[in-house]
Amino acid sequence: MAYSKATDQKWQKKWEETQLYKFNPKAKGEKLYCLEMFSYPSGANLHVGHWYNFGLTDSWARFKRAQGYNLFHPMGFDAFGLPAENYAIKTGVHPEDSTINNMNKMREQLKEMGATYDWDYTVTTCMPDYYKWTQWLFLQLYKKGLAYRAAAPVNWCGTCNTVLANEQVVDGLCERCNTVVDQRKLTQWFFKLTDYAEELLADLPALNWPEATKKIQQHWIGKSVGSEVTFDIEGSEEKFTVFTTRIDTLFGVTYVVVAPEHELVSRFTTPENQEAVQAYIKKTLEANEIERLSTEREKTGCFTGSYAVNPANGRRIPIWIADYVLESYGTGCVMAVPSHDERDFAFAEKYNLPIERVIDSADGSPNELPYTEYGLLVNSGDFNGKSTKDAKEAITTWLEKQGRADFKTNYRLRDWLISRQRYWGAPIPIIHCEKCGEVPVPEAQLPVKLPYNVEFKPDGKSPLSKSEEFVNTSCPICGAPARRECDTMDTFVCSSWYFLRYPDPNNTEQAFDPDIINKMLPVDMYVGGREHAAMHLIYARFMTKALRDCGKLSFSEPFKSLVHQGVILGPDGNKMSKSRGNVVSPDKYVDQYGSDVFRCYLMFGFSYVDGGPWDDNGIKAIAKFFSRIEALCVKLKSLPNGSGDYAQAEKDLDYVRNSTIVNVSSNMEGFQFNTAVARLMEFLNALVKYSALTQINGKFLKECTYTLINLLAPMAPHFAEELWELLGKGYSVHNQPWPVCNEEALKLDVIEIPIQVNGKLRGVVKVNADAGEDEIKAAALEDESIAC
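As the structure is a prediction and not an experimental result, all values here were calculated from the model.

Enquirer: How do you make sense of the overall build of the protein when you look at a structure like this?
Expert: Along its length, the protein carries 26 helices and 29 strands. Across the 788 residues that make up the protein, the buried fraction comes to 53%. In the form shown here, the protein has an accessible surface area of approximately 34700 Å², with 48% of it arising from carbon and sulfur atoms.

Enquirer: Sorry, what's going on with the pattern of salt bridges here?
Expert: Enumeration according to the criterion identifies 37 salt bridges in this entry. With a closest N to O distance of 3.8 Å, aspartate 118 and lysine 22 form a salt bridge. One end of the pair, aspartate 118, is in the loop between helix 4 (95-113) and helix 5 (128-143); the other, lysine 22, is in the loop between helix 1 (5-18) and strand 1 (31-36), and 96 residues separate them in sequence. Judged by its relative accessible area of 9%, aspartate 118 is buried.

Enquirer: Before we go on, may I ask you to explain the packing of aromatic side chains in this structure?
Expert: Any aromatic ring pair is given by two values, namely how distant the centres are and how the planes are angled relative to each other. Scanning the entire structure with this criterion turns up 60 aromatic pairs. An angle of 80° between the planes, with centres 4.9 Å apart, marks the rings of phenylalanine 63 and tryptophan 738 as edge-to-face. Placement of phenylalanine 63 in helix 2 (residues 48-66) and of tryptophan 738 in the loop between helix 24 (717-726) and strand 28 (750-757) is noted, with a sequence separation of 675 residues between them. The exposure class of phenylalanine 63 is buried, given its relative accessible area of 0%. For tryptophan 738, a relative accessible area of 8% gives the class buried. Residues phenylalanine 231 and phenylalanine 240 carry aromatic rings whose centres are separated by 5.6 Å and whose planes lie at 0° to one another, so their mutual orientation is stacked. Joined through ring pairs, the aromatic side chains of Trp51, Tyr52, Trp60, Tyr589, Phe598, Tyr601, Phe606, Tyr608, Trp614, Phe671 and Phe673 make up one cluster.

Enquirer: Would you explain the side chain of serine 306 in this entry?
Expert: Locating serine 306 in the fold gives a position in strand 11 (residues 301-309). Not counting chain neighbours up to four residues away, the residues in contact with serine 306 comprise Phe268, Thr269, Thr270, Ile317, Pro318 and Ile319.

Enquirer: Just to check I follow, could you spell out the packing of helix 1 against helix 24 for this structure?
Expert: The geometry of a pair of packed helices is captured by two quantities: the angle between their axes and the separation between those axes. At a minimum axis separation of 9 Å, helix 1 and helix 24 run at an interaxial angle of 85°. By the angle between their axes, helix 1 is roughly perpendicular relative to helix 24. Within the contact between the two elements, helix 1 uses Thr7, Asp8, Lys10, Trp11, Gln12 and Trp15 and helix 24 uses Pro717, His718, Glu721, Glu722 and Glu725. Broken down by class, the residue content of the contact of helix 1 with helix 24 amounts to three nonpolar, three polar and five charged.

Enquirer: Would you mind going over the packing of helix 2 against helix 21 (residues 647-669) with me for this structure?
Expert: Where helix 2 meets helix 21, the axes come as close as 10 Å, and the angle between the chain directions of the two elements is 125°. The angle between helix 2 and helix 21 places the two elements in the oblique class. Considering only the axes of helix 2 and helix 21, their crossing is left-handed. Listed contacts from helix 21 to Ser59, Trp60, Phe63 and Lys64 of helix 2 are Ser665, Met668 and Glu669. Along the lines of polarity and charge, the residues of the contact of helix 2 with helix 21 split into three nonpolar, two polar and two charged.

Enquirer: How do you make sense of the sheet that holds strand 22 (residues 481-484) when you look at a structure like this?
Expert: Each strand in a sheet pairs with another by means of backbone hydrogen bonds, the pair being arranged parallel or else antiparallel. What the four strands build is an open sheet, ordered 20-19-22-21; its pairing is antiparallel. The open sheet has two free edges, formed respectively by strand 20 (437-440) and strand 21 (472-474), since each of these has just one partner strand. Across the sheet, the mean angle separating the axes of adjacent strands is 40° when strand polarity is ignored. Sheet topology note: the strand 21/strand 22 ladder contains three bridges and is antiparallel. Paired with threonine 473 across the strands is alanine 482, a residue of strand 22.

About the cut-offs
Residues numbered from 1 in each chain as written. Predicted model: local features only at pLDDT ≥ 70, side-chain atom pairs only at ≥ 80, totals over all residues. Heavy atoms only, no water. Helix = DSSP H or I, 4+ residues; strand = E, 2+ residues; numbered from the N terminus. Buried < 20%, exposed > 50% of the residue type's maximum accessible area, 1.4 Å probe, protein only. Areas by Shrake-Rupley, 256 points an atom, 1.4 Å probe, with all protein chains shown as cover. Salt bridge = Lys/Arg side-chain N within 4 Å of Asp/Glu carboxyl O. Phe/Tyr/Trp six-rings, centres within 6.5 Å; stacked < 30°, edge-to-face > 60°. Contact = heavy atoms within 4.5 Å. Axes fitted to C-alpha atoms, helices over the stretch in contact; angles between N-to-C directions. Parallel < 35°, antiparallel > 145°, perpendicular 65-115°, else oblique. Nonpolar A, V, L, I, M, F, W, Y, C, P; charged D, E, K, R; others polar. Left-handed = near helix turned anticlockwise from the far one by under 90°. Pairing = 2+ DSSP bridges.

So, to be careful, I would describe these as geometric facts and stop short of saying anything about function.
As structure tokens, then:
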């Protein structure tokens, strides 16, 4: 038969004609929603990394289908956003045209993979029938008070010419193009991610997710439990607050520091200090956030000329500004305790500011300043002698009665900045009217369509603002001339809910039928890159909870289980990139060997969660493995069903068969595909060895080979289908139940026991499986290498 790409095409045609993978929500079996993070059609072809994610997850899905689950396994395209737009700019083709062309090509490649996708269930985020509901979702959040527009410091990428959410800035650089990100104060649209900070954190432990991913989210949410303290400004009605986790050191505050860009600075800076302060502010704004927060950066500051009052002791303390304090973090104001904080200590020494100890070690041992550990209070009035823990509560309670402090929980998490000054995205459904202000587009008027004829090359302004046809409209409330919002939504908004649309993708009346979605969701298995831990995965969790609170869903988490596939690097060991020229296309391998050989090589050649550099040296070994299986099946066709006299050999083979069932089942369940393939290779070796004996039991050998094909079917779906037909079995191998282990076959008559003497291995003895201690000892003493 000689497996090849023609075999793939034969069975893909048959599967499509018979609708083998047609999803039936009413079919028998427990539903299992398996989903991969969908791809960006910014390039014209799938690469090896796509295959690694989609192909191998499809094998897991096939395995679960064979176990009797009612599998729902959809696929779609994350088609809006910068990657697709930048690709269009580079090629000179309109984003809509290039994206659709790319999707068509990728869809054909996905079909060549032979995956279990039912293409009647698909989503394409750039199509009006999808982004209509993205806009509807925006309006639900807007009505709930979870979407708002505000002026705030934002991250600006000068290369992408757009703002970025905090999650899209990595070490001060744009996560897409590695450009240094600047801070600008602009009016933008946000989703109230912070309203769900505590719930996002509290629900993490129950998720079947990698611990490393949960820790990333915990760190990103960044919960801090402490106190918020109010400081008066001397000679003024102005006040400011600071958040601190160490209110036990409050008596040691000898100065305060405010972010240079804070709005209060202009109001409390004295006239004689104005020139120096303004010069310092100008210099500060030339640095980006990562530079300002660097621990290696020399700490600098400028005195404002004003003083605050320490609420603990009434002490007059100077107000400074310093670039290491950011307006966007906390309250933008920090209390400085140089005796118990290394940064404050260095700053105080540099500017000759007071340093006063207020914490001693609990055991009374001597310690140098700055002393940053917990201990007992000193020089702290009535609180002297209290432990740090007790003092935190006592001091906060004392000041709370005076209206000067509160217990406070803070989060590092910031609201999600969703507006983009780019073209290829869902328009934000808001109208600006001089009379009525901010007016949401009525739901009956959705979608607000993205116009085709727009100059979309980025220049820092929203491209839609250049389209008079798009911008000019009338107010839905008063009918007066008005202007549409010209920013578009970040592509992460589209992907924050796409898993909700899949089970009901053709619904024209609503985003999804709650009855359908509440039965189908949450997703049972979600597979995708770990780089999305602090972006997409947080956004999807937020959106699910927000829609639940809007009365649209009955569950709180989108993904029950999560697996991260590893990264397949280029042959040079670097991440695959067109700019590096190290992208590996799967097409030539599929054409030469067939998709199943390529799929099994990806399974065998890499640990799924680790990945590694691409190396195709082993693909011929997989092709040889297929040839050996095929040769065995051809031999079986002419083999009679007679019984042989190799009882022990048959028992040994049955042991291998059932051991393989147990191990391959466990390996497939845990995405350990490399060891699953290795087990099948061992099983094949045992089958070939048995088939070489004379007078073998042909019927038994065939039964064992059927088991091999059943176990192989999820990993090599076309090849297994062809072998199943070759052996005269009915269509389809993929409708066969997953093999079940016969536990009796795993009980050995004879077992091997290693014998140690004085901790050293002296030999191995064979005894009956039910042998007692005396028999084992006698067998050991009969072995000269052990007895001596």
